[in-house]
Every structure is written in C-alpha cells, then in structure tokens.
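# Descriptive structure summary
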Amino acid sequence: MEVRKARSEAAAGLPGQEELEAINRFAKTPLAAEQVYTFTLRLCDNEVDRDFERFDAAALERLGALFLGKSGIFDHQWSAQGQTARIYRTEVVREPSMTTAAGDEYRWLKGWAYLLRTEKNAELIAEIEGGIKKEVSVGCGVRHSVCSICGAEGGCQHVKGQVYDGKLCFTELREPADAYEWSFVAVPAQRSAGVLKRFGQENGQLALLRREAALGRKYLKELRHEVVRLAMLADDHLDGAVFARAAERMEEPELLAMKEAYGAQAAKRFPAAPQLRPRPAEEREDAGAFQV
C-alpha cells in the first residue's frame, strides 16, 4: 500500500557544526555551512485525517528511520531533474497536552532537510522563507491497514467516519515498509496543514496494473511481428529489417490497419488451398445411395 500525507514546513537557517556533520554524511564532497540552506518539516502525524485514516505511533518511529536521506521533489513527479532537497535528520515529537481523535497522545514526525545555496535554488529558498512553499507530502508504503472498530484488514462492514458504540471508525496504517520521497505540493487537504495521498497495493491493484502493462507490451510485440510477416508475404521487394524498425514506432491503430491491408494483399498472392479435393461425378453419384 502506498500512502501520501501532507504537512507544513517550519523554520529555516544556517546549519551548526553538528548539523553540518549530519548533512555531510550524504554529500560526496564536504560542504561548508554557507553552502547549504536548512529547514524543518512536519512530515506526518498520528491524527485521524480527513479521509479517516492515520499512522499509529510505531509507524511514525519507523518512518523516521526510513525517511533519512530521502529526496524532496515537486508534486510526486519521480524525476531526477526535480530533486531539490534531502532529509538528514528526523525525530518523533510528542505533545502530551494534545489528544488525537483516536484518544491517544498526539505525535508528529519532524524532519530536517537541506538544499544547496545555488542560483537555481535562490527562488525556492525565497518561497520557503516567504511561506509560499509550505505544504509537503510524503510518499511511503505500509504493510497493513486496519479497521479501528474490529481490527479487520482489507475491508469489513464498518464505514470510515461513522461512530459505533461511541467509537469513531477509521483505518490505522501500520508497519511502514518503505519511504519513497517527500514533495512540495500546491493543494493541501488535511485539516491542520494539507494532504496529498495515494494508495496502491503492490500485491493488489499495483501488481494488477503491472501485469496488464506486461500483457499489453507482449500483445504489441506479437502484433508488430505479425504485421512484418504479412508485409513480407505481400511484397517481395520490401526490406524486412527496415520495415521492422518502422513497425517499432507504430502504435496499435496503425498496426491494425497495416495488418488488415497487408493481410488482404498476402491472401491474394497466396490463396488458401482447399482442404478436400473435388470428387469425380461417378463418386458423387455412388455416395448419394448412402444419404438419408
């Protein structure tokens, strides 16, 4: 299951010596304090969100370890070009004075991130300082999503957001398996700061999509092969290697049209032979005696 949760960005500044040492664990060339810009993030928490889902306390601790060294990008677009910042330290913050909708102590995952003070990043730093780039969203994978009422996983009769015998129904996200990235996002959805979340089970929907994609690639490969075969049958002067390369750039509609056209030409050049030979007249007359 893949989860994305959004929260808000906090303070910024130059790193101290201890902070700089933590940053340089991720740098190939040691960086000086004036070369980097640091800021803190509220990555996610254990509050029941607008979708009536939440991470449990143990999940926050695990996510803290998983997010170390993870890149910050924009709008969850997985591209190296969009890599902007990196998390170098995390901590789960406890706030005993606050209680979640689930009735336990409020906790949130704090992250420290850095980016380089370059001309390219100057505008982003200004936007962070000015509060424009504020909301962030995390992408991670969890192993279990559990109903708060009955403890069932993967679906039950209880409806999220409904109250049963005084207890709110929500889904608890447990045992994070991986942390993918965190992103600056534009549109928050969570009550306190903003959320952008996507679910997809590796062993369910995501695996199905991958199988379907593999079948699609196999289908196109076989279709291209058949078009090339029919084209070679239809035209002796065709350069098979050149045509095969051209077919690689064609999509299904073009391939189907080519298959129909070349199939018709090939059928004219090589008509199908009859499976039964015609019988002499006398054989047909003799066989008539056995018809009923």
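Refer to the structure above for everything that follows.
Summary of the structure given here. Here the residue numbers are simple positions, counted from 1 along each chain's written sequence. In keeping with the predicted nature of the model, local features appear solely for residues at pLDDT of at least 70, side-chain atom pairs appear and are counted solely at 80 or more, and the whole-chain, interface and lining totals rest on all residues. Excluding hydrogens and water, the side-chain values take into account all heavy atoms of the structure.

### Things to note about the nonpolar core
To qualify as a nonpolar core, a set must consist of buried Ala, Val, Leu, Ile, Met, Phe, Trp, Tyr and Cys residues joined through side-chain atoms within 4.5 Å. Under the scheme applied here, a residue whose accessible area is under 20% of the maximum for its type counts as buried, over 50% as exposed, and between as partly exposed, the area being computed with a 1.4 Å probe on protein chains only. Counting residues in hydrophobic clusters, the biggest one holds 28 residues, and the most contacted among them are Phe39, Phe55 and Trp182. Taken together, the elements giving at least two residues each to this core come down to strand E2 (36-45), helix H2 (57-66), strand E5 (85-99), strand E6 (105-116), helix H3 (122-129), strand E7 (135-147) and strand E10 (171-184). At five residues, the largest contribution of residues to this core is made by E2. Core analysis: the second largest hydrophobic core is formed by 13 residues, Val227, Ala231, Met250 and Ala266 among them. Helix numbering and strand numbering both begin at the N terminus, where a helix is a DSSP run of H or I of at least 4 residues and a strand a DSSP run of E of at least 2.

### Description of the pattern of salt bridges
Any carboxyl oxygen of Asp or Glu within 4 Å of a side-chain nitrogen of Lys or Arg constitutes a salt bridge here. Taken as a whole and assessed by the stated rule, the structure comprises nine salt bridges. Here Arg174 ties to Glu172 by a salt bridge, and the two come within 2.9 Å at their closest N and O atoms. Residue class for Arg174 comes out partly exposed when judged on its relative accessible area of 33%. Across the pair Glu226 and Arg229 runs a salt bridge, and its minimum N-O distance is 2.8 Å. Residue Glu226 and its partner Arg229 are both found in helix H4 (residues 205-234); the two are separated by three residues, about one turn of the helix. One network of salt bridges, with partners in common, ties together Arg54, Asp104, Glu172 and Arg174.

### Quick notes on the layout of surface pockets
Cavity: a set of points on a 1 Å grid over the protein atoms alone where a 1.4 Å probe fits but cannot get out. Pocket: an open set with protein on both sides within 12 Å along at least five of seven lines, its lining residues, like those of a cavity, having an atom within 4 Å of a point. Grid points are joined across faces, edges and corners, and a volume is the space filled by probe spheres set on the points. Taken as a whole, the second largest pocket encloses approximately 280 Å³ of empty space. Together, 14 residues line the second largest pocket, and Thr84, Ala85, Tyr114, Leu115 and Leu116 are the ones closest to its centre. Put simply, the parts of the chain that give the lining of the second largest pocket at least two residues each are E5 and E6. With three residues, the single largest contributor to the lining of the second largest pocket is E6. For the lining of the second largest pocket, the per-class residue count stands at seven nonpolar, five polar and two charged. For this scheme, ten residues count as nonpolar: Ala, Val, Leu, Ile, Met, Phe, Trp, Tyr, Cys and Pro. Four count as charged, namely Asp, Glu, Lys and Arg, and the remainder, Gly too, count as polar.

### As for H3
Residues of H3 that are buried: Leu124, Ile125 and Ile128. Here the buried residues of H3 occupy an arc of 100° about the axis, which is enough to place them on one side. Set apart from the buried face of H3 by more than 90 degrees, the exposed residues are Glu123 and Glu129. Following H3 by one or two positions, Gly131 adopts a phi angle in the positive range, close to 80°. In this context, the arc is that of the directions from the helix axis out to the C-beta atoms.

### Some details on the environment of Asn46
Note that Asn46 resides in the loop between E2 and strand E3 (53-55). Overall, Asn46 belongs to the buried group, its relative accessible area being 1%. Sequence separation of Asn46 and Asp56 is ten residues, and the distance between their C-alpha atoms is 5.6 Å. With near-sequence residues (within four places) excluded, Asn46 lies in contact with Arg54, Phe55, Leu60, Thr100, Asp104, Glu105, Tyr106 and Arg107. Working rule for contacts: check all heavy atoms of both residues, and any pair within 4.5 Å makes them a contact.

### Observations concerning the environment of Ala152
As for its position among the elements, Ala152 is in the loop between E7 and strand E8 (163-164). With 19 residues separating them along the chain, Ala152 and Thr171 place their C-alpha atoms 9.6 Å apart.

### Regarding the packing of aromatic side chains
Pairing of aromatic side chains requires ring centres within 6.5 Å, counting the rings of Phe and Tyr and the six-membered ring of Trp. Pairs whose planes differ by under 30 degrees are stacked, by over 60 edge-to-face, and all others tilted. Summed over all chains, the structure comprises three aromatic pairs. Between Phe243 and Tyr262, the ring centres sit 5.7 Å apart and the planes meet at 85°, which makes this aromatic pair edge-to-face. On the criterion of sequence distance, the pair formed by Phe243 in helix H5 (residues 240-248) and Tyr262 in helix H6 (residues 252-269) is long-range, its members being 19 residues apart. Considered together, Phe243 and Tyr262 belong to a single accessibility category, that of buried residues. Only when the NZ atom of a Lys or the CZ atom of an Arg is both within 6 Å of the ring centre and within 35 degrees of the ring normal do we say a charge sits over the ring. For the cation-ring pair, Arg42 lies above Trp108, with the distance from its terminal atom to the ring centre recorded as 3.8 Å.

### Quick look at unusual backbone geometry
For Phe52, which is not glycine, the phi torsion reads 60° and is therefore positive. Topologically, Phe52 is positioned in the loop between E2 and E3.

### Remarks on the pairing of E10
For two strands to pair, DSSP has to find at least two bridges joining them. Here three bridges tie E3 to E10, and the two strands are oriented parallel to one another. Of the residues in E10, the one forming a bridge with Glu53 is Thr171. Examined bridge by bridge, strand E4 (residues 71-74) and E10 share three bridges and lie parallel to one another. Looking at E10, one finds that Ile73 is bridged to Ser183.

All quantities given are derived from atomic positions and should not be read as evidence of function.
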